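Results of the structural survey
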Amino acid sequence: EFEGIGIEFSILDGFITVISPIPGTPSDRAGLQSGDKIIQINDESAYKITQKDVMKKLRGPKGTPVDVTISRPGMEDDFDVTLLRDRIPIVSVMANFMIDENTGYIKVNRFARTTVAEIKDALTELERKGMNQLLLDLRNNGGGMMDQAINIVDMFISSHDTILFTKGKISGSNEVYRAKKHRGDKDYPVIVLINRGSASASEIVSGAFQDLDRGLVVGETSFGK
């Protein structure tokens, strides 16, 4: 865990751009949205800010305030928000429960080192309760570690299909990641939920489910990272 305001962000066109607020954090409670640009921090311009300075200015002790000025797509005027920093837990699975007798639900907040293990535990628990179809919620999941995304897809693919390939400009830098057959591969139906705050590793997972005809993707156009 760390103490801060709780956003997944990227620096786009020189501005801190919110990919998604982390659920239950100060940014989420204040109503920050995917696509919001933080243009000032404590009345100082945040244009062309470095990643290091973002951490320095937005993180801080729990309970301390930080003033940010937000530019929101579709709104003419910028507006100010005061955020009270809080403790931000670094967990991946925010919720897992049975929606009905057959349908399990898992909300994945990010892709970190423990995500695969957390999802495996959640699946085991739901399967014990009778789950035979899954709703995987990746809304407002800004991504994270690529290997975790690949391993999660691999849990549901019982073939040697390509999950992902990366292409580099340097000779020999291309990589292909294929599924492996495992005895414990899941074969039940999956629906993946995404929205415009779903980015990076979330797009790898949902894209693989869609391209391999392994599940349905429902929601909004994703962030496009």
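Up top is the structure.
Remember, predicted model here, so these are calculated numbers, not experimental data.

Some thoughts on a negative patch on the surface
Side chains of D43, D67, E76, D77, D78 and D80 sit close together on the surface and give a patch of like negative charge. Considering the arrangement of structural elements, one finds D67 in strand β6 (residues 65–71).

Examining the environment of T162
For T162, the position within the fold is in strand β12 (residues 162–166). A C-alpha to C-alpha distance of 34 Å links T162 and G6, two positions 156 residues apart in sequence. In this view, T162 contacts V176, Y177, R178 and L212; residues no more than four positions away in its chain are not counted. Among the polar contacts listed, one links the side chain of T162 to the side chain of R178, at a separation of 2.9 Å.

Some thoughts on the packing of helix α4 (residues 146–154) against helix α5 (residues 201–211)
Between α4 and α5, whose axes approach to 9 Å, the crossing angle comes to 25 degrees. Judged on the interaxial angle alone, α5 and α4 are roughly parallel. The interaxial crossing formed by α4 with α5 has right-handed handedness. Contact residues: M146, A149 and V153 in α4; A201, I204, V205, A208 and F209 in α5. Each residue belonging to the contact of α4 with α5 can be placed in one class, and the counts come to 8 nonpolar, no polar and no charged.

Description of the pattern of salt bridges
Across all of its chains, the model carries 10 salt bridges by this definition. We note a salt bridge from R87 to E3, for which the minimum N-O separation is 3.4 Å. Of this pair, R87 sits in strand β8 (residues 86–88) while E3 sits in strand β1 (residues 2–4), and the two are 84 residues apart along the sequence. The partly exposed category is assigned to R87, whose relative accessible area is 39%. A salt bridge links K186 to E127; the shortest N-O distance between them is 3.0 Å.

Points about the sheet that holds strand β9 (residues 93–98)
Strand order in the open sheet made by the 5 strands is β9-β10-β11-β14-β15, with mixed pairing throughout. Every interior strand has two partners, whereas the edge strands, β9 and β15 (216–219), have only one. Neighbour-to-neighbour, the strand axes of this sheet turn through a mean angle of 20 degrees, independent of strand direction. Bridge count for strand β11 (residues 133–137) against strand β14 (residues 190–194) is 4 bridges, and the pairing is parallel. Note that in β14 the partner of D137 across the bridge is L193. Contacting β11, β14 and β15, α5 runs over the sheet at an angle of about 140 degrees to β14.

As for the pairing of strand β3 (residues 15–21)
Counting buried positions along β3 yields 6 of 7 residues, so the element is predominantly enclosed. The antiparallel pairing of strand β2 (residues 7–12) with β3 creates a hairpin that spans 2 residues between the two strands, and D13 there sits at a positive phi of about 50 degrees. Strand direction decides the pairing type here: β3 and strand β4 (residues 37–41), joined by 2 bridges, are antiparallel. Bridged to T17 within β4 is K37.

Thresholds applied
Residues numbered from 1 in each chain as written. Predicted model: local features only at pLDDT ≥ 70, side-chain atom pairs only at ≥ 80, totals over all residues. Heavy atoms only, no water. Patch = residues over 30% accessible without salt bridge, like charges linked within 9 Å, V, L, I, M, F, W, Y side chains within 5 Å. Areas by Shrake-Rupley, 256 points an atom, 1.4 Å probe, with all protein chains shown as cover. Salt bridge = Lys/Arg side-chain N within 4 Å of Asp/Glu carboxyl O. Lys, Arg positive; Asp, Glu negative; His and termini not counted. Charge placed at Lys NZ, Arg CZ, Asp CG, Glu CD. Helix = DSSP H or I, 4+ residues; strand = E, 2+ residues; numbered from the N terminus. Contact = heavy atoms within 4.5 Å. Polar contact = N/O pair within 3.5 Å; in protein donor to acceptor, adjacent residues only side chain to side chain. Axes fitted to C-alpha atoms, helices over the stretch in contact; angles between N-to-C directions. Parallel < 35°, antiparallel > 145°, perpendicular 65-115°, else oblique. Left-handed = near helix turned anticlockwise from the far one by under 90°. Nonpolar A, V, L, I, M, F, W, Y, C, P; charged D, E, K, R; others polar. Buried < 20%, exposed > 50% of the residue type's maximum accessible area, 1.4 Å probe, protein only. Pairing = 2+ DSSP bridges.

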